[in-house]
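# Structural overview
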Amino acid sequence: MDTRERQIRENIQTIKQRIDRAAKKSNRKGSDITLLAVTKYVSLDDMRLAIDAGIKVVGENKVQDSKRKFYQIGPVVDWHMIGHLQTNKARQAATIFTMVQSIDSTKLADALDKAAGQLDRKLHVLVEVNIGQEEQKFGISPQKTSELVEYVRQKKNLQVNGLMAMAPYVAEAELTRPYFKALHDLFTDIKLKQHFGSNWHTLSMGMTNDFEIAIEEGATLVRIGTGLFNA
Ligand SMILES: *Cc1c(COP(=O)(O)O)cnc(C)c1O
């Protein structure tokens, strides 16, 4: 086993142990939390090492990059789109991804629904919430989230499974907690008010710097890049 392979395996193991510990604090099991490996800055070689070491879900933030990688690696893992998506890339996105986590407008929902229909596919989606209400961030405002979920739910070729958000950048991870708590409240509120069943299952929040806090506050999927590939 070469050094890089060993390093990636160790990183995965460390992150999984930390996921386990955080899950226990919220009375859950580590296996209830999906570890998504963010591969946006990662080489094909490193991606392959991570997949060989057991990674099942990868996240990319640009259609162009993911297309290139997808043709090399293929659908041996689930591919998630976690970056901002332009409507003119909807068709390519619907070809590559099993889930688009970054739905933030009715226009994008329309374009993806149409593209998925043409490809005869069903696409899983999350609605991205701008939970810190930051000007520079993508995502729908918390106030308008429920309405967008309701809209996306009507789309024949999309299945809406939950919410995604990025906490604002803060000096200390603990300061992200109120944002994660707010997103979890919104997630629960929508589930109840819109009478969702088991399809409403994914709360995607937490990255390398703050994933344990996100899990303590109810995340079911964490998106880790640096912690897996650069630690
Ligand atoms: C880059 C990125 C991540 C991963 O960030 P790390 O700090 O490297 O773990 C997670 N989510 C989104 C949306 C990203 O763009």
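My aim in this report is to walk through the structure given alongside it, one point at a time. (Residues numbered from 1 in each chain as written. Predicted model: local features only at pLDDT ≥ 70, side-chain atom pairs only at ≥ 80, totals over all residues. Heavy atoms only, no water.)

So, on to the pattern of salt bridges. Opposite charge on two side chains permits them to pair, given that their charged atoms come into close proximity. If you walk through the whole model with that rule in mind, you get twelve salt bridges. Notably, a salt bridge pairs D46 with R4, separated by 2.6 Å at the nearest N-O pair. Separated by 42 residues along the polypeptide, D46 in helix α2 (residues 44-52) and R4 in helix α1 (residues 3-25) bring together distant segments of the chain. On the basis of relative accessible area, D46 is assigned to the buried category, the value being 13%. Put simply, E134 and K137 hold a salt bridge, and the shortest N to O gap is 2.6 Å. In this structure E134 comes out as buried when scored by relative accessible area, which is 15%. For K137, a relative accessible area of 22% corresponds to the partly exposed category. What emerges from the salt-bridge pattern is a single network uniting K25, E174, R177, K181, E216 and E217. (Salt bridge = Lys/Arg side-chain N within 4 Å of Asp/Glu carboxyl O. Helix = DSSP H or I, 4+ residues; strand = E, 2+ residues; numbered from the N terminus. Buried < 20%, exposed > 50% of the residue type's maximum accessible area, 1.4 Å probe, protein only.)

Our next topic: the environment of F196. As for its placement among the helices and strands, F196 is situated in the loop between α7 (177-193) and β7 (202-204). Each C-alpha atom, one on F196 and one on K155, is 15 Å from the other, the two residues being 41 residues apart in sequence.

When the terminal C-alpha atoms of α1 are compared, their 33 Å separation across 23 residues agrees well with the 33 Å that a helix rising 1.5 Å per residue should span. Those residues of α1 lying buried are I8, N11, I12, I15, I19, A22 and A23. Elements in contact with the buried residues of α1: β1 (34-38), α2, α8 (211-216), β8 (221-224) and α9 (226-229). (Expected span 1.5 Å × (residues − 1). Contact = heavy atoms within 4.5 Å.)

Taken together, the residues surrounding the ligand are V38, K40, I82, M166, M207, T208, R223, I224, G225 and T226. Contact distances for the ligand include 2.9 Å between an oxygen atom and a backbone N or O atom of G225. Coverage of the ligand by the protein amounts to 87% of the 390 Å² it exposes when considered alone. Residues that form the shell around the ligand fall into these classes: five nonpolar, three polar and two charged. (Near = heavy atom within 4 Å. Polar contact = N/O pair within 3.5 Å; in protein donor to acceptor, adjacent residues only side chain to side chain. Areas by Shrake-Rupley, 256 points an atom, 1.4 Å probe, with all protein chains shown as cover. Nonpolar A, V, L, I, M, F, W, Y, C, P; charged D, E, K, R; others polar.)

Moving on to helix α6 (residues 142-153). Helix length check: α6 (twelve residues) gives 17 Å between terminal C-alpha atoms against 16 Å at 1.5 Å per residue, within 8%. Along α6, the residues classified as buried are P142, T145, L148, V149 and V152. The arc that holds every buried residue of α6, seen down its axis, measures 105°, which confines them to one face. Seen from the open side of α6, the exposed residues pointing more than 90 degrees away from its buried face are Q143 and E147. Each element contacted by the buried residues of α6 is listed here: β4 (99-103), α5 (106-118), β5 (123-129), β6 (158-165) and α7. (Arc of directions from axis to C-beta.)

Our next topic: the packing of aromatic side chains. Evaluated as defined, the whole model comprises four aromatic pairs. With a centroid separation of 4.5 Å and 25° between ring planes, the pair formed by F196 and W200 is classed as stacked. Across this residue pair, the class does not change: F196 and W200 are buried. Positioned over the ring face of F196 is R153, at 3.6 Å from the centre of the ring. (Phe/Tyr/Trp six-rings, centres within 6.5 Å; stacked < 30°, edge-to-face > 60°. Lys NZ or Arg CZ within 6 Å of the ring centre and 35° of its normal.)

This part is about the pairing of β4. The element β4 is largely enclosed, with a buried count of five among its five residues. Looking at chain direction, strand β3 (residues 78-81) and β4 are connected through two bridges and run parallel. Of the residues in β4, the one forming a bridge with H80 is M99. Traced from β3 through helix α4 (residues 90-96) to β4, the parallel crossover comes out right-handed. For the crossover from β4 across α5 to β5, the handedness is right-handed. (Pairing = 2+ DSSP bridges. Right-handed = clockwise from strand over helix to strand, strands pointing away.)

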